Amino acid sequence: MKLQRKNGFRALTLGALAVSGALVLSACGSDDNTDGDKPSDGKSTAAAAGDVKCAGSGELLASGSSAQKNAVDQWVKDFQAACSGLTVNYKPVGSGAGIQEWLNGQTAFAGSDSPLKPEELEASKKICTGGQGINIPMVGGPIAVVFNVEGVDKLSLDAATMADIFSGKITKWDDEAIKKLNPDASLPGTKIQPVHRSDESGTTDNFTKYLNSVAPDAWKWEHDKKWPVEGGQAADGSSGVASQVGQTSGSISYVELSYATGSSLKTVDVATGAATPVAATIENASKAISVAKKTGTGSDLALEMDYATKEEGAYPIVLVTYEIACDKGNKADTLEAVKSFLGYTASEAGQASLNAAGYAPLPAELVTEVNKVVAALA
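Brief notes about the overall build of the protein
No. 1: For the protein, the count of helices and strands is 14 helices and 13 strands.
No. 2: A buried classification covers 55% of the 378 residues belonging to the protein.
No. 3: With the model as given, the accessible surface of the protein reaches about 15000 Å², and the carbon-plus-sulfur share is 47%.

And the structure:
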């Protein structure tokens, strides 16, 4: 069910972030790939800034989107010394699996790169006593189209050509359609090796939504968390995709920018119809996120992206990761910890840390709304 479009979120200046309660908790993620170093005074930068408010104790369980794993790791690293007696265990199992675990009552909240489906929303009413699940946007970023083609360092593609590549219609790197978009490149006759996610993924959902929205004549499938095309290579999770592309000559895939840069993968510039093909950067993704439309109602902050944007410098293949929680009826033993953690991630310090992790902070106007929703969770 498609909801009516609401207000757009255009302001992007982090200095204007409105923080309704500076909240944070200590988090020791089970999948942390950081070194855990602390400043010399033994306090995190957030603690020094007075952004810490600890609540709850024990272990807070969450799972879902692997797209936001590096962002969660950054939050964990920066603030793990702020509070004692409370840890967060976030498992990057993919959006689909994360939502299912939350619906099964196994976790306090889920991370998803796509809003709840109507059937998931209905199912949430069984675990949210007197309420239902809501989508709380928390982190954004570009989905980079990554490639590994010998002798090619720069590559531009448009949506239709990407659709033909990932559907299997274009099978060689020296295809005329690719040559036309890259007249100065020395394209080999290497076979194209498309790689997709094997697990249900919000990244897949957003990437196929882009193809379906912008190149419907070439991409015949509806968007979905499950890859719809038979054949090709598959890998589990964002890290698995990045690893597969890195070791497979002639390969191409889609993955969050932080995984692309972390694996030193080359990224495609997207030909959108603007004067110049647009690179996958944090700044260019922020331009696209800033014109997203709110489609959720009430405390639900689901967004709709303009994948067909031709604005100069706006990178169109973006995703926003949502934290999924109950508006009412959250578990009493974890409610305060959830509000503390999500309150920190939406704080000025939490959002400011995202650039270093390879993500785009949310627009300031949207952050204000997020903080109101988090504070009202019950």
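A closer look at unusual backbone geometry
No. 1: If you check the backbone angles, serine 264 has positive phi at about 55 degrees while not being a glycine.
No. 2: On the secondary structure map, serine 264 appears in the loop between helix H9 (257-262) and strand S9 (266-267).

Describing the state of the cysteines
Every disulfide links exactly two cysteines, by a covalent bond between their sulfur atoms.
No. 1: Following the criterion strictly, the structure yields one disulfide and no others.
No. 2: Bridging cysteine 128 to cysteine 326, the disulfide has an S-S length of 2.0 Å. Negative torsions about the S-S bond denote left-handed disulfides, and the value of about -75 degrees found for cysteine 128 with cysteine 326 makes this one left-handed. Pair noted here: cysteine 128 is in the loop between helix H4 (118-124) and strand S4 (133-148) and cysteine 326 is in strand S13 (residues 318-326), with a separation of 198 residues, a long-range link.
No. 3: Classification of cysteine 128 by relative accessible area gives buried; the value is 0%.
No. 4: Residue class for cysteine 326 comes out buried when judged on its relative accessible area of 3%.

Comments concerning the layout of surface pockets
Space left empty within the atom packing is revealed by a probe, the size of a water molecule, rolled over the atoms.
No. 1: The computed volume of the second largest pocket comes to approximately 230 Å³.
No. 2: Ile165, Gly168, Pro194, Gly231 and Gly232 are the residues nearest the centre of the second largest pocket, which is lined by 17 residues in total.
No. 3: Secondary structure elements with two or more residues in the lining of the second largest pocket: helix H5 (159-167) and strand S6 (193-197).
No. 4: Among the residues making up the lining of the second largest pocket, the classes are represented as seven nonpolar, eight polar and two charged.

Rules used in this analysis
- Residues numbered from 1 in each chain as written.
- Predicted model: local features only at pLDDT ≥ 70, side-chain atom pairs only at ≥ 80, totals over all residues.
- Heavy atoms only, no water.
- Helix = DSSP H or I, 4+ residues; strand = E, 2+ residues; numbered from the N terminus.
- Buried < 20%, exposed > 50% of the residue type's maximum accessible area, 1.4 Å probe, protein only.
- Areas by Shrake-Rupley, 256 points an atom, 1.4 Å probe, with all protein chains shown as cover.
- Disulfide = S-S within 2.5 Å.
- 1 Å grid on protein atoms, 1.4 Å probe; cavity = no way out; pocket = protein on both sides within 12 Å on 5 of 7 lines; lining within 4 Å.
- Points joined across faces, edges and corners; volume = space filled by probe spheres on them.
- Nonpolar A, V, L, I, M, F, W, Y, C, P; charged D, E, K, R; others polar.

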